[in-house]
Structures are given as structure tokens and as C-alpha cells.
2 protein chains.
Amino acid sequence: MAAYFLDRKIKAVILDITGVLKESGRAINGSVDAVNRLLSSGLQVRFCTNETTVTRSELVRELQTLGFNVENVVVFPPIPAMCKILKERKLRPHLLVHPDAVSDFAEVDQNEPNCVVIGDATQQFTYENVNKAFQCLMRLDQPLLFSLGKGKYYQEHGELVLDAGAYMAALEYATDVKAQVVGKPSSIFFETVLQDACVSASEAVMVGDDIVSDIGGAQACGMAGVLVRTGKFRPRDENHKDVKPDAIVDNLAQFVDTLLSTLK
Amino acid sequence: MAAYFLDRKIKAVILDITGVLKESGRAINGSVDAVNRLLSSGLQVRFCTNETTVTRSELVRELQTLGFNVENVVVFPPIPAMCKILKERKLRPHLLVHPDAVSDFAEVDQNEPNCVVIGDATQQFTYENVNKAFQCLMRLDQPLLFSLGKGKYYQEHGELVLDAGAYMAALEYATDVKAQVVGKPSSIFFETVLQDACVSASEAVMVGDDIVSDIGGAQACGMAGVLVRTGKFRPRDENHKDVKPDAIVDNLAQFVDTLLSTLK
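None of the values given here were measured: they were computed from a predicted structure.

Draft legend 1. Structural context of the environment of Val 116 of chain A. All names here are of chain A. Turning to its location among the elements, Val 116 is positioned in strand E9 (residues 115-118). Of the residues examined, Val 116 reaches a relative accessible area of 0% and is grouped as buried. Val 116 sits 69 residues away from Phe 47 along the chain, and the two C-alpha atoms are 26 Å apart.

Draft legend 2. Main features of the interface of chain B and chain A. At the interface, 32 residues of chain B touch 32 residues of chain A. When the two sides are added together, the surface that chain B and chain A hide from each other amounts to roughly 2,900 Å², 58% of it contributed by carbon and sulfur. Taken as a group, Tyr 127, Leu 162 and Tyr 173 of chain B account for 29% of the area that chain B buries against chain A, more than any other trio of residues on that side. Counting across the chain B and chain A interface gives 2 salt bridges.

Draft legend 3. Looking closely at the domain arrangement of chain A. All names here are of chain A. On domain assignment, one finds that chain A holds domain 1 (3-77 + 186-260) and domain 2 (79-182). Using C-alpha coordinates to define each centre, domain 1 is positioned 24 Å away from domain 2. Opposite the 18 residues of domain 1 that make contact, domain 2 presents 23 residues. In terms of surface lost to domain 2, no three residues of domain 1 exceed Thr 52, Thr 53 and Lys 232, which account for 33% of the buried area on that side.

Draft legend 4. Representation of the packing of aromatic side chains within the structure. Counted according to the given criterion, the structure contains 10 aromatic pairs over all chains. Between the aromatic rings of Phe 134 of chain A and Tyr 153 of chain B, the centroid separation amounts to 5.6 Å while the plane-to-plane angle is 40 degrees, which identifies the pairing as tilted. Of the two residues, Phe 134 of chain A sits in helix H4 (residues 127-139) while Tyr 153 of chain B sits in strand E11 (residues 153-156), which places them in two different chains. Neither Phe 134 of chain A nor Tyr 153 of chain B differs from the other in exposure class; each is buried. Seen in terms of ring centroids, Phe 5 of chain B and Phe 255 of chain B are 5.5 Å apart; in terms of plane orientation they differ by 85 degrees. Their pairing is edge-to-face. Of this pair, Phe 5 of chain B sits in strand E1 (residues 3-5) while Phe 255 of chain B sits in helix H8 (residues 252-260), placing them 250 residues apart in sequence. Here Phe 5 of chain B matches Phe 255 of chain B in class, with each residue buried.

Each value, and the rule that gives it
- Residues numbered from 1 in each chain as written.
- Chains lettered and ligands numbered in written order.
- Predicted model: local features only at pLDDT ≥ 70, side-chain atom pairs only at ≥ 80, totals over all residues.
- Heavy atoms only, no water.
- Helix = DSSP H or I, 4+ residues; strand = E, 2+ residues; numbered from the N terminus.
- Buried < 20%, exposed > 50% of the residue type's maximum accessible area, 1.4 Å probe, protein only.
- Contact = heavy atoms within 4.5 Å.
- Buried area = accessible area lost by both parts, 1.4 Å probe.
- Salt bridge = Lys/Arg side-chain N within 4 Å of Asp/Glu carboxyl O.
- Domains from an automatic or database assignment.
- Phe/Tyr/Trp six-rings, centres within 6.5 Å; stacked < 30°, edge-to-face > 60°.

Okay, structure coming up:
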């Protein structure tokens, strides 16, 4: 089964979650129907999120509550990828993450930290907690900083709020250490998703509301990138200095309508 | 009256305060005597600080309590310079500063903010407060961000803690707005001090513990820059990638001994 988009034969659709499917605990207009049609179209569908404020199972449960038929959909959040890296490289993290994400690191040794992992810690981004992460990096001979995504901000209850990327930038500046990003827009992260869907990059399209992490990251891998005018989207994103989306649509429903009309 | 330093005729000594004179509420070993000898040497002495967690008068009072004879010494903190800019340009700031610094902005109109001023807010750097500053910048058609210094960190109670620069970097990253720095290492700030002392840059030497803000900033103006091994100094500062101090001394006392021995 394949659809067509800009002369490309598309076999897989990769969807960002927050700002595309849902926002502040509510489904975005038309997205439930769009996702469910996509899932029954025969195209491969994967969810790819930098969400680190809930566990993967809670995220799926929330989507189901909102009406998304996502029982069998594979969701790619950054934390499992991060844990894999930590175990492989025998790294012991100092965590600056959301309290609800801490349990996802339960199997990782956190004694005598030799690296820092930063996620979207929201209210836990206190001066004290950011200082602790900073001090941990300053104590290390070879400081290592990992960031679960590098998003600048997202929309929550109608307001833009800072994402992990802002605090990553603060720690990078203070310590002169360049963060390694796990999650979007890291190519390794997108390639894991493509491998799981058994498609090449040119056969996949990414739909997201983050011009840099979603669209820029997908395009850097060879995928097409479609920007939605929902979630954190702002008009100035349409003229971003570095990233030009392959298409800009009002919302996910509009893109799915167009794509599925080309299904063969 | 002049002293000699590296073949330069020195008429003025400009001193950073925190990390050079004092640290965590205590005078640094030998600094009280060194400052008092400097003040009675006939050389011009000015204090130049990015301190924004106390008012200027409180700072002078604290130094006096510690034994520094600084009644008639002119202290240059960034807030008065900032207020001057705000008034001249008719700007109304949203403040993200230390509670003790708020009163220094009492005469500045803060209704309907059209810029953000960030200082060393310490515990007030909560997620909520940093978000408010961020949201203010995102609402503005022509966002303006001022930062009172751009220090990475300083030493407090034996530990390094984040300075305003880290949060400046976070806001710059999230908003794509470049901050304008008021305070060290801004050349305008150093030049104000030189004018007050009626000396040219080549006749002045700056002593500080911040390799970038103190030494780099002073050298960029044409002054000599002397790094002390006190305060936030760390051995790796001796091999900084961009800044090479004109001299590195164990502490202020050592520098003053050497300088005053050349007095003519």
C-alpha cells in the first residue's frame, strides 16, 4: 500500500503527538478521525515524540481516552533510546527530568553520576535543581550532557512554555559542554523509527508542529516534512531562516485528507 | 602618581568585588589590607561589579563591615547603567531580577512591558518566572532582551552556582533574540569607569576572577587584565581558549604588593 506526496511514493507516516494529535489534554479538531483513518489505510504509522513528562504507557492511555485507536501503534519517545545508550556505555546519569519520567530510568544505575540527562522537567526546573545538574557537570573530568530533545517551547493551556532545549542551552553556556541530543531532531532517533517501519527515508513523511525538531530533523534524514498550523505553530515559522517545510497544512486532518486521496 | 605593570604606566586600578575582595560574606585573605593600601597609594581605584543581588549602598555597607575602607570609593554596578538606558530609550522592562534589586528600578515605568531585563535572580529563577520573561519576549513584535552581565557562574559557600548568563542563554535560545549585555564585559560599561577615573584604557588595569567578563572585557577595551586565583577561578581558566590574562596572581594581595613596589 502506498500514497503519493510531492512525487514521492509514501509508505509510512510518522506523527508527532503534542500539538498535532492533542494539546493541553484535548484532541485537536479532526485529529482523532484523521489518525483512525490513517491507521486503517494500510500505510505504516508510527508516533515519534520528545514527550518526557509521562511514561510511554500513560501517553498511549491518554490518547485512547481521547478517542485515538492506538492500541497497536508503536510510540517512540526518547527515554528508552536514552536508557539503551546509558547501559551500552556504562554511564550513570544525574537526572534532571520530570518526576513522572524518573521511573523510566529505574533500571539504570544512578550512583556516583558520570553524566547528566536533562528532559522537560517543567516545575522541577528550579534554580536549585538546575544548579545541581550544573555542579555535577563541573565536577566531572570529562563532562557529558545528554538532552532528551532540544525543543525551544511548546503550547500548554493556550500559552507557550519553555521546553528542555532552553535549559540545555543554559547548561551548555555555563559549562562549555555541547549536549548530545537524544530524540528529535537527532538522525539516529529518526532512523530507529524508519527501521521499525521497514521503509527508507524517502518513503516516509513526518508531520509535526516543531519547525526545527520535527521538520528540520526529518528532512535532514531524507524524509519529507509537513508542518501543521496547530500546537506551538506561529506564523513566523513559515519563514524560518533555516528550515523550509515540504508542505504547510492547517492541521493533521487536512494533510491526511490529501494524502489518502492519492492512495493506490 | 603612577605605578608600572608590564611596561605600562598605570594610573588606575579597577577591581571586581565578588571573588576578589570577598566571597560568601567573608573577606578574601589579605584583600582588606591590599585594598586599603591601594586606596592610600594615590592611584585611582574603582570597583566594577556585575553584582545585582544587592543595592549599591548595601554592597558598600557590607564591604565596610568586612573592614574595607571604601566610604569614598565609586562602585559601578550594572543597574544604574541599565536604568539610564531604559529612561533614554523610553523602555518599560519586565524584570527577572533578584527581589533585593527591584527597588533599584523604582523610578522606571514597568507598565505594559516592551522589553525584558534579566539579572542574577538566584532562587527567583523558577520555571514559572523564567516562563513569564520568555512569554513577554514572545508577545513583543520587536523583542528586546537586556542582561545585567553574562557571567556563567560564581562561587557561593564553596560551591559554583549559576549566574545570570546561563538564563540569558536559555532565553536567547528559546526566543531567537540576542541579548544586549549591560555590565561587564560590555565595552560601554568599562569606558564609563575609565571616564570617571579620567584615565585612558592603557593606563588602567582590571583585576578579576572571571576570565571572560573581567579579563576578556578589560582587554577588549585596551586595559590590562589580571586574573586572580580566588573566587570562581578554576585551573582550566589558565588555558582559556579565547582569553589570555596579562598576568595571573594567587590573590589580590599578591598583585597589589607587586604593583605598589613600582610606585613612583
